Amino acid sequence: MRFLYLVLIFFLLCSGTALSENYNFNNSIATVSSINNSKFKNSKVNKYINYFSKNEKGRVFFKMAYRRQGYFKDVIYSIFKEYDIPEDLIYLSMIESGFQVNISSKAGAVGLWQFMPSTGRIFDLRVDKWVDERRDFVKSTYAAAKYLRSLKGKFGSWELAMAGYNSGDLTVKRAIKEHKSRDFWYLSQHTFPKQTKEYVPQILAVIYISKNMDKFGFSNKKIQPRMKMEKVKLPPQTSLEYISKISDIDFTLLKEINSSLLRDVTPPDGPYSIYVPLGLKETVYAKLASSPESKVISKYQVKKGDTLGSIGEIYSNSVKEILKLNNMKSTTIYTGQEILVYKKIFRNDNSKDSGSFVYLVKKGDSLGLIAEKFNVTKKDLKRVNNLVSNKIEVGQSLKIIKSNE
């Protein structure tokens, strides 16, 4: 009874203007509810406090997810601060994904914030056969922050914003119009899908437990430390395996922190940034600039008698590389089929005879200096490389066509 009494007091305090000792009102997601709805609210939230703190399955989930949040916490808090979103809403991600970037739902939602492809694209996430930025925890958190801020602006409370995140804008909009209320707890008793009715109480429950860890026997739970990272902009079609090889960064680690690259290679339509461990950015750029060879993606049409092994030998590709690049589940191929392979190219910065080649931008380069070095005009450089300004970046690849071609 004492436990139930404390829970009741907590949610009454959050619903009024008084402050609890360990609850920051300015960062609260609670909204003012009528007295008639308080009993309903408390019973729903208390149901999930019991589930996550006493039920074996719920308790195991909370332990594991709580620990994983440490990997993302600082970044999420920083982005939420930028968009004026309460830090407590980090626990929306716990309920959505258990703080896992690679998790997928049966409906097709993916990532830390469980975006569907269409919603992800609305909030500037790239989702195609090369890249799925729903798996990029920084970009997807920016998308979630924009979405939550938009929902809060539409509906006026964080509880309705959470409901909208779960069920969609139109569901909440129709509920408000039909029942002439903006109180989530009132609307939850008269409308909303079952999943949404349970969703908001679950988030509030894990927020409360997270603020009272000792009380629920979670006092020894440590959060997973975050590895600090920085971005490196790479030329199109650069494989993570190649970056791992030239810079001595563990390939498995590179794959893990760049899980948005579906084929472990940057897309072919332009430069793309990846994450590397903090302090290795300049090393990667230096190694790229000094390495005479790289790989690009090329199409190969399967001929009679070909196998993935024989094709791999021609282009120095492993069968595993070809399978990954083409999203293939087996080694079966057929005559006339087009498959993607890695093809080696060589950069030649000093060639006087070569008609065209690829130049990798180095530290201190400018478009003018490069044009002068290879006796071409800035105008031609911009035209050949589809540049709209004179701005270039270290690591960017530029096609050079000699004036005598």
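Quick caveat: nothing in here was measured; it's all calculated off a predicted structure. (Residues numbered from 1 in each chain as written. Predicted model: local features only at pLDDT ≥ 70, side-chain atom pairs only at ≥ 80, totals over all residues. Heavy atoms only, no water.)

Trainee: What is the right way to look at the overall build of the protein in this model?
Mentor: Per the secondary structure count, the protein includes 18 helices and six strands. Expressed as a percentage of its 405 residues, the buried residues of the protein come to 50%. At a minimum sequence separation of 6, the contacts of the protein that also span at least 24 residues come to 66%. Carbon and sulfur atoms form 51% of the exposed surface of the protein, whose accessible area is close to 20700 Å². (Helix = DSSP H or I, 4+ residues; strand = E, 2+ residues; numbered from the N terminus. Buried < 20%, exposed > 50% of the residue type's maximum accessible area, 1.4 Å probe, protein only. Contact = heavy atoms within 4.5 Å. Areas by Shrake-Rupley, 256 points an atom, 1.4 Å probe, with all protein chains shown as cover.)

Trainee: How do you make sense of the pattern of salt bridges when you look at a structure like this?
Mentor: Where side chains of opposite charge bring their charged atoms close, a pairing between them can arise. All chains considered together, the criterion is met by 16 salt bridges. Two residues, Arg135 and Asp132, come together in a salt bridge whose shortest N-O distance is 3.9 Å. The pair formed by Arg135 and Asp132 is uniform in burial state, with each residue classed as buried. Asp264 is paired through a salt bridge with Lys255; the nearest N and O atoms lie 2.9 Å apart. Note on Asp264: relative accessible area 10%, which makes it buried. In this structure, a network of salt bridges that share partners links the residues Lys44, Lys47 and Glu198. (Salt bridge = Lys/Arg side-chain N within 4 Å of Asp/Glu carboxyl O.)

Trainee: Sorry, what's going on with helix α8 (residues 158-167) here?
Mentor: Note on helix geometry: an α-helix contains 3.6 residues per turn, so any two residues three or four positions apart are oriented the same way. Of all 10 residues in α8, 10 are buried; the element is thus mostly enclosed. Inspection of α8 places Trp158, Glu159, Leu160, Ala161, Met162, Ala163, Gly164, Tyr165, Asn166 and Ser167 among the buried residues, and these make up the whole buried set. Gly168 occupies a position one or two residues after α8 and carries a positive phi of about 100°.

Trainee: Please explain the nonpolar core as it appears in this structure.
Mentor: One recurring pattern in soluble globular proteins: nonpolar side chains tend to sit buried together. Core analysis: the largest hydrophobic core is formed by 65 residues, its most contacted members being Trp113, Phe137 and Tyr165. Filtering out sequence-adjacent residues up to four positions away, Phe137 remains in contact with Tyr71, Phe72, Val75, Val101, Leu112 and Met229. In terms of nonpolar packing, the next biggest core, distinct from the first, is built from 23 residues, Tyr242, Tyr285, Leu288 and Leu360 among them. (Core = buried A, V, L, I, M, F, W, Y, C linked by side-chain atoms within 4.5 Å.)

Trainee: Help me understand the environment of Ala144, please; the structure alone is not making it clear to me.
Mentor: Of note, Ala144 is situated in helix α7 (residues 137-155). Along the sequence, Ala144 and Trp113 sit 31 residues apart, while their C-alpha atoms lie 6.6 Å from each other. If we skip the residues at most four places from it in the chain, Ala144 touches Trp113, Phe115 and Tyr165.

Trainee: I'm lost on the pairing of strand β2 (residues 272-277) in this one. Help?
Mentor: The side chains of a regular strand alternate between the sheet's two faces. Burial runs high along β2: five of the six residues are buried. Bridging between strand β1 (residues 229-234) and β2 involves six bridges; their strand directions are antiparallel. What sits directly across from Met229, in β2, is Pro277. (Pairing = 2+ DSSP bridges.)

Trainee: Is there a simple way to think about helix α9 (residues 169-179) in this case?
Mentor: Buried residues of α9: Asp169, Thr171, Val172, Ala175 and Ile176, and no others. Where α9 is buried, its residues meet α7, α8 and α10 (184-190). One or two residues past the end of α9 sits Lys180, with phi positive at roughly 50°.

Trainee: Help me out: how do you make sense of the confidence of the model for the protein in this one?
Mentor: Detailed reading of predicted coordinates is not advised where the pLDDT is low. Residues at a pLDDT of 70 or more form 84% of the protein, whose mean pLDDT is 83. Predicted confidence in the protein is weakest over helix α1 (residues 2-15), with a mean pLDDT of 42, and strongest over helix α5 (residues 90-97), with 97. Of the regions scoring below 50 in pLDDT, residues 1-28 engages in 42 contacts with residues more than four places distant in sequence or in other chains. Scored below 50 in pLDDT, residues 30-35 makes 16 contacts in the model with residues more than four places away or belonging to other chains. (pLDDT = per-residue confidence, 0-100.)

Trainee: I tried to follow the packing of α5 against helix α11 (residues 194-210) on my own but got confused; where do I start?
Mentor: Packing of α5 against α11 leaves a shortest axis separation of 9 Å and a crossing angle of 120°. Considering their axes alone, α5 and α11 lie oblique with respect to each other. The interaxial crossing formed by α5 with α11 has right-handed handedness. For the pair formed by α5 and α11, the contact residues are Tyr91, Leu92, Met94, Ile95 and Glu96 on the first element and Tyr199, Gln202, Ile203, Val206, Ile207 and Ser210 on the second. In terms of residue class, the contact of α5 with α11 is built from eight nonpolar, two polar and one charged. (Axes fitted to C-alpha atoms, helices over the stretch in contact; angles between N-to-C directions. Parallel < 35°, antiparallel > 145°, perpendicular 65-115°, else oblique. Left-handed = near helix turned anticlockwise from the far one by under 90°. Nonpolar A, V, L, I, M, F, W, Y, C, P; charged D, E, K, R; others polar.)

Trainee: For this particular structure, what's the right way to read the packing of aromatic side chains?
Mentor: Within a pair of aromatic rings, the relevant descriptors are the distance that separates the centres and the angle that separates the planes. Using the criterion set out here, one finds 19 aromatic pairs in the structure. Here the aromatic rings of Tyr83 and Tyr142 are separated by 6.2 Å at their centres, their planes lie at 75°, and the arrangement is edge-to-face. Of the two residues, Tyr83 is situated in the loop between α4 (73-82) and α5 and Tyr142 in helix α7; the sequence distance between them amounts to 59 residues. Given a relative accessible area of 22%, Tyr83 falls into the partly exposed group. Look at Tyr142 and you get partly exposed, because its relative accessible area is 29%. Taken together through their ring pairs, the aromatic side chains of Phe40, Phe184, Trp185 and Phe192 make up a single cluster. (Phe/Tyr/Trp six-rings, centres within 6.5 Å; stacked < 30°, edge-to-face > 60°.)

Trainee: I tried to follow the side chain of Glu133 on my own but got confused; where do I start?
Mentor: With respect to the element layout, Glu133 can be found in the loop between α6 (117-122) and α7. In terms of polar contacts, Glu133 uses its side chain to reach the side chain of Tyr272, at 2.6 Å. When neighbours within four sequence positions are excluded, Glu133 is seen to be in contact with Asp124, Leu125, Arg126, Lys139, Ser140, Ser260 and Tyr272. (Polar contact = N/O pair within 3.5 Å; in protein donor to acceptor, adjacent residues only side chain to side chain.)

Trainee: I would appreciate a short explanation of the packing of α4 against α7 in the present structure.
Mentor: Two packed helices can be described by the angle between their axes and the distance between those axes. At a minimum axis distance of 10 Å, the contact between α4 and α7 shows a crossing angle of 35°. Handedness of the α4/α7 crossing: right-handed. Of the residues in α7, those touching α4 at Val75, Ile76, Ile79, Phe80 and Glu82 are Phe137, Val138, Thr141, Tyr142 and Ala145. Considering only residue class, the contact of α4 with α7 consists of eight nonpolar, one polar and one charged.

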